[in-house]
Amino acid sequence: MQIHTVDPTTLRVLLNGSEVARYFGSFEQINYEDESTRHSLNRILKRAMNITDFSLNGKKLKIDVSAAPENGCCIVFTNQIKHPFHLRVMKPPFDLVIPYKTVDALLDAVAELYPSYDGKSCVYKDDTHYFLCLPRSAYRHLPGVRQVTPTQKNYLREHGTLISRDAVKDIGAVLHKAAVKKADESP
């Protein structure tokens, strides 16, 4: 268990896969309506508060839980003034996450999808890759692409930078316009 005070109102706890299994069973079983989940979150919070200077100070608490690599999870406890105590488990809507090492490779992929694919899509970036994210319905447009785990998707949302919320439509339209303009200008 890694415990880190982000600021006086925010505490971040990272659990590895075995700790998630011990406290919750699995990431998918985390549900605030379940008494055992609430009990486990309370135990984790008490342990973290004993180690850090984080305090509730009579304030309401917000809890965000997202998946982390290797079946782990990240729990963020935040003191709230206006919001009630609640738990939000973040599960991205994308089933396909395709990494590209260069922006050119990403643009080539988007150009191949546009305009035949008109579903939802987005692009994230981290320190080393660009990631095209698509729903399961895009399988027919991308033969050979494998589905990713919820852990991988949540890790990307937590640590990546969102570049485009509707990547294939927006970027594809720009690439298409540029190609048409270039074709019109050529002799």
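In case you missed it, the structure is sitting above this.
How each quantity is defined
Residues numbered from 1 in each chain as written. Predicted model: local features only at pLDDT ≥ 70, side-chain atom pairs only at ≥ 80, totals over all residues. Heavy atoms only, no water. Helix = DSSP H or I, 4+ residues; strand = E, 2+ residues; numbered from the N terminus. Buried < 20%, exposed > 50% of the residue type's maximum accessible area, 1.4 Å probe, protein only. Contact = heavy atoms within 4.5 Å. Areas by Shrake-Rupley, 256 points an atom, 1.4 Å probe, with all protein chains shown as cover. Pairing = 2+ DSSP bridges. Axes fitted to C-alpha atoms, helices over the stretch in contact; angles between N-to-C directions. Phe/Tyr/Trp six-rings, centres within 6.5 Å; stacked < 30°, edge-to-face > 60°. Lys NZ or Arg CZ within 6 Å of the ring centre and 35° of its normal. Core = buried A, V, L, I, M, F, W, Y, C linked by side-chain atoms within 4.5 Å. Disulfide = S-S within 2.5 Å.

**Q** Describe the overall build of the protein, listing the residues and the values that go with them.
**A** Looking only at helices and strands, one finds five helices and nine strands in the protein. When the helices and strands of the protein are listed from N to C terminus, the series reads β-β-α-α-β-β-β-β-α-β-β-α-β-α. Within the protein, buried positions represent 37% of all 187 residues. For the protein, long-range pairs separated by at least 24 residues make up 66% of all intrachain contacts whose partners lie at least 6 apart in sequence. Surface summary for the protein: the accessible area is close to 11400 Å², and the carbon and sulfur share equals 51%.

**Q** Could you give an account of the sheet that holds strand E8 (residues 130-134), with specific residues and numbers?
**A** Judged by pairing direction, the sheet is antiparallel, and its four strands sit side by side in the order E6-E8-E7-E9 without closing on themselves. Each end of this open sheet is capped by a strand with a single partner; those strands are strand E6 (96-100) and strand E9 (161-164). Direction aside, neighbouring strands of the sheet carry axes that sit 30 degrees apart on average. Relative to E9, strand E7 (residues 122-125) runs antiparallel, the two being bridged by three bridges. Bridge pairing in E9 places valine 123 opposite serine 164.

**Q** So what about the packing of aromatic side chains? Which residues, and what values?
**A** Scanning the model with the defined rule gives one aromatic pair in all. Arranged with centres 6.2 Å apart and planes meeting at 45 degrees, the rings of tyrosine 23 and phenylalanine 24 form a pair that is tilted. When the ring centre of tyrosine 130 is taken as reference, the NZ or CZ atom of lysine 125 above it lies at 5.3 Å.

**Q** So what's going on with the nonpolar core? Which residues, and what values?
**A** In terms of nonpolar packing, the biggest core is built from 20 residues, with Val13, Leu15, Phe24, Ile44, Ile75 and Phe77 touching the most fellow members. Those elements that provide at least two residues to this core are strand E2 (10-15), helix H1 (17-24), helix H2 (35-51), strand E3 (60-68) and strand E4 (72-80). Not counting the four nearest positions on each side in its chain, valine 13 is found in contact with Met1, Gln2, Ile3, Ile44, Ala48, Cys73, Cys74, Ile75 and Phe77.

**Q** If you had to explain the side chain of serine 40 to someone new, which residues and values would you point to?
**A** Mapped onto the elements of the fold, serine 40 is located in helix H2. When sequence neighbours within four positions are dropped, the list of residues in contact with serine 40 reads Tyr23 and Phe24.

**Q** Quick rundown of the state of the cysteines? Include the residues and the values.
**A** Scanning the model with the defined rule gives zero disulfides in all. Not engaged in a disulfide, the cysteine cysteine 74 finds its nearest cysteine sulfur in cysteine 73; these two sulfurs lie 7.5 Å apart. Its relative accessible area of 4% is what places cysteine 74 among the buried residues. Free of any disulfide, cysteine 122 has its nearest neighbouring cysteine sulfur in cysteine 133, separated by 4.0 Å. Using a relative accessible area of 4% as the deciding quantity, one classes cysteine 122 as buried.

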